[in-house]
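Chains, contacts and geometry: an overview
Chain by chain, the residues run as shown.
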Amino acid sequence: MTTLVSYNPSSGEPIGDVPVTAASEVPTVVQRARAAQPAWAALGAEGRGRLLAAAAARFEERGEELGKLITREMGKPLKEAVREARGCAAGLAEHLQEIAAAVATQVVEDKRIRSEVHHDPHGVCAAITPWNFPLMMPHWLVLPALATGNTVVLKPSEETPLCGQAYADVLAEGLPEDVLQVVHGADETGRTLVAAEVDLIAFTGSRETGKKILAAAADRLTRVILELGGKDPLLVLEDAHLEAAARFAATNSFRNAGQVCVSTERIFVPERIAARFVDLLAQAAGEMTVGDGFESDTRVGPMINGRQRDHVLRQIDAAVAAGAVVAAGGKGHHGNFIVPTVLSGVTGQMAIAREETFGPVACVTIVPDEEAAVQQANDTPFGLGAVVFGADDERAYAVARKLTAGMVGVNRPCGGAEGTPWVGARQSGYGFHRSPDGHRQFTQTRVVSRPRSDR
Ligand code: ADP
């Protein structure tokens, strides 16, 4: 039996291991999920919701312990890790009610026909998830998949198998056997799972892997929901509250060491306010302590591994070689830790302005006017999030509507109100989740129609 060893990215020490699921074993796991599915579906949304909602108390109670596991396995500051773990409990009952309401049968009538629109589970859902939010990413996919009546085979990232297993163990504690199972391994296991005749693939990860999954799914036209990477812009308008914009830029560029799909990866600032903005941003960056997530003053943890660290450092070096100016950080990196770095004078030709960075780097590009900011912000195949800062609300909103991202925040992060979707446009997403429309993507819509008997 092969094992997958998990390492602490702060120290490089091994922290545990899991058995890799053999390729020959994966179809058996899927068959078990298929066998368990009809009884699970038969419980109805309310019955399933009751069993799933009971997990909230367990996530809450074990928040500290799960948080510590997150920090050990992927390095983020403990406070953020505990918040992530407890986030699996927060609002769980309401969320399940929202899902149940979204997939309730609807009746639609015209003069002659009475139709019922059903939202049936697809069957077996493969959930394939990344490492950057090793509990929350499984939660966002597994929960709606189960609540809508599918059974689930989860393949967590090979970087965070212990967190993925812990998430599934806590959730599955109150569930019938085989409703939620886990397979472990790297891309090979993911490929095997995708090929194992599942009915829905719910994936969060890189655009490159998303494309491979879509191609593999084409063979059987398997349904897919893909949440992919981004290259999110921040547009700072001339009248913006500069301190607030710089504070946001620092938080959203360096949070989770920049390893967030909606990190601010490009910042567009007009010439007149650029110097002041860069100063404020550099100051905020300088105040962020880098280190082990268990140290109480740590704001920025390590890169997940040496490969990711090298990728980020390569982009920084290439940008500087091409004329970008280091306004903060840029040196003092050690182990997997990268010092929060602010680059100004970044141009659209540099790799750091075009390819996803996923590291603690804030890149400032000076633009002549709003129109150029919009044009450059949209000059990317990605389209996940975007943010506009400006004091004149109407004007900032008008700029927001010209952006091609799926989620745009005005004077705030891009995430929307409760009940709105998490949606990537263009090459950042294919299908989406959360919100009533998002929940329904975990189901197959069917219509049954009869003549109206009262006519
Ligand atoms: P990240 O680098 O953010 O983890 P990836 O897209 O590489 O993003 O990985 C996300 C998840 O997809 C991981 O669980 C990984 O093992 C899995 N994966 C990678 N390649 C494939 C593939 N070809 N088919 C299915 N899953 C894959």
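Residues numbered from 1 in each chain as written. Predicted model: local features only at pLDDT ≥ 70, side-chain atom pairs only at ≥ 80, totals over all residues. Heavy atoms only, no water.

1. A short note on the packing of helix H4 (residues 63–74) against helix H5 (residues 78–87)
Relative to each other, H4 and H5 sit at 125°, their axes nearing to 7 Å. Between H4 and H5, the interaxial angle falls into the category oblique. Considering the relative orientation of H4 and H5, their crossing is right-handed. The residues of H5 that touch H4, namely those facing Gly63, Glu64, Leu66, Gly67, Lys68, Ile70 and Thr71, are Leu78, Ala81, Val82, Glu84, Ala85 and Arg86. (Axes fitted to C-alpha atoms, helices over the stretch in contact; angles between N-to-C directions. Helix = DSSP H or I, 4+ residues; strand = E, 2+ residues; numbered from the N terminus. Parallel < 35°, antiparallel > 145°, perpendicular 65-115°, else oblique. Left-handed = near helix turned anticlockwise from the far one by under 90°. Contact = heavy atoms within 4.5 Å.)

2. As for the packing of helix H1 (residues 26–42) against helix H2 (residues 44–53)
At a minimum axis distance of 7 Å, the contact between H1 and H2 shows a crossing angle of 105°. Judged by the inter-axis angle, H1 sits roughly perpendicular to H2. Residue-level inspection shows Trp40, Ala41 and Ala42 of H1 in contact with H2, the latter providing Gly44, Arg48, Leu51 and Leu52.

3. Thoughts on unusual backbone geometry
Despite not being glycine, Leu221 has its phi angle at roughly 50°, a positive value. Inspection of the secondary structure assignment puts Leu221 in the loop between helix H10 (207–218) and strand E9 (223–227). Phi is positive for Arg426, which is not a glycine, with a value near 50°. Mapped onto the elements of the fold, Arg426 is located in the loop between strand E16 (407–410) and strand E17 (429–430). Using a relative accessible area of 42% as the deciding quantity, one classes Arg426 as partly exposed. (Buried < 20%, exposed > 50% of the residue type's maximum accessible area, 1.4 Å probe, protein only.)

4. Regarding the sheet that holds strand E4 (residues 113–121)
Picture the strands of a sheet paired through backbone hydrogen bonds; they go either parallel or antiparallel. The strand order across the open sheet built from three strands is E3-E4-E18, with neighbouring strands paired in antiparallel fashion. Each having just a single partner strand, strand E3 (106–109) and strand E18 (443–451) make up the two edges of the open sheet. Each neighbouring strand pair of the sheet contributes to a mean axis angle of 25°, computed without reference to strand direction. For E3 and E4, the ladder comprises four bridges, and the chain directions are antiparallel. Paired with Val108 across the two strands is Ser115, which belongs to E4. (Pairing = 2+ DSSP bridges.)

5. Describing the sheet that holds strand E12 (residues 325–328)
Pairing is mixed across the open sheet formed by seven strands, whose spatial order is E12-E13-E14-E11-E10-E15-E16. Strands at the two margins of the open sheet, each flanked by one partner only, are E12 and E16. Here the average twist between neighbouring strands, direction ignored, is 25°. Direction of pairing for strand E13 (residues 341–344) relative to strand E14 (residues 361–367): parallel, over a ladder of four bridges. Bridge pairing links Thr341 to Val361 in E14. Against the sheet, helix H11 (residues 242–254) contacts strand E10 (233–236), strand E11 (266–270), E13, E14 and strand E15 (385–389), and its axis sits at roughly 170° relative to E10. The sheet strands contacting helix H15 (residues 370–377) are E10, E11 and E14, and the helix crosses E11 at an angle near 170°.

6. Section: the domain arrangement of the protein chain
By the assigned domains, the protein chain splits into domain 1 (3–228 + 424–450) and domain 2 (232–410). The centre of domain 1, based on its C-alpha atoms, is set 30 Å off from the matching centre of domain 2. On the side of domain 2, 29 residues touch domain 1, which itself brings 24 residues to the contact. Counting the surface lost from both domain 1 and domain 2, the interface buries some 2200 Å², and carbon and sulfur atoms represent 58% of this. In terms of surface lost to domain 2, no three residues of domain 1 exceed Pro9, Trp131 and Arg426, which account for 24% of the buried area on that side. Counting every contact that joins domain 1 to domain 2 gives one salt bridge. Arg307 is the salt-bridge partner of Glu159, the closest N and O atoms lying 3.8 Å from each other. At the boundary of domain 1 and domain 2, one finds twelve residue pairs in polar contact (both at pLDDT 80 or more). (Domains from an automatic or database assignment. Buried area = accessible area lost by both parts, 1.4 Å probe. Salt bridge = Lys/Arg side-chain N within 4 Å of Asp/Glu carboxyl O. Polar contact = N/O pair within 3.5 Å; in protein donor to acceptor, adjacent residues only side chain to side chain.)

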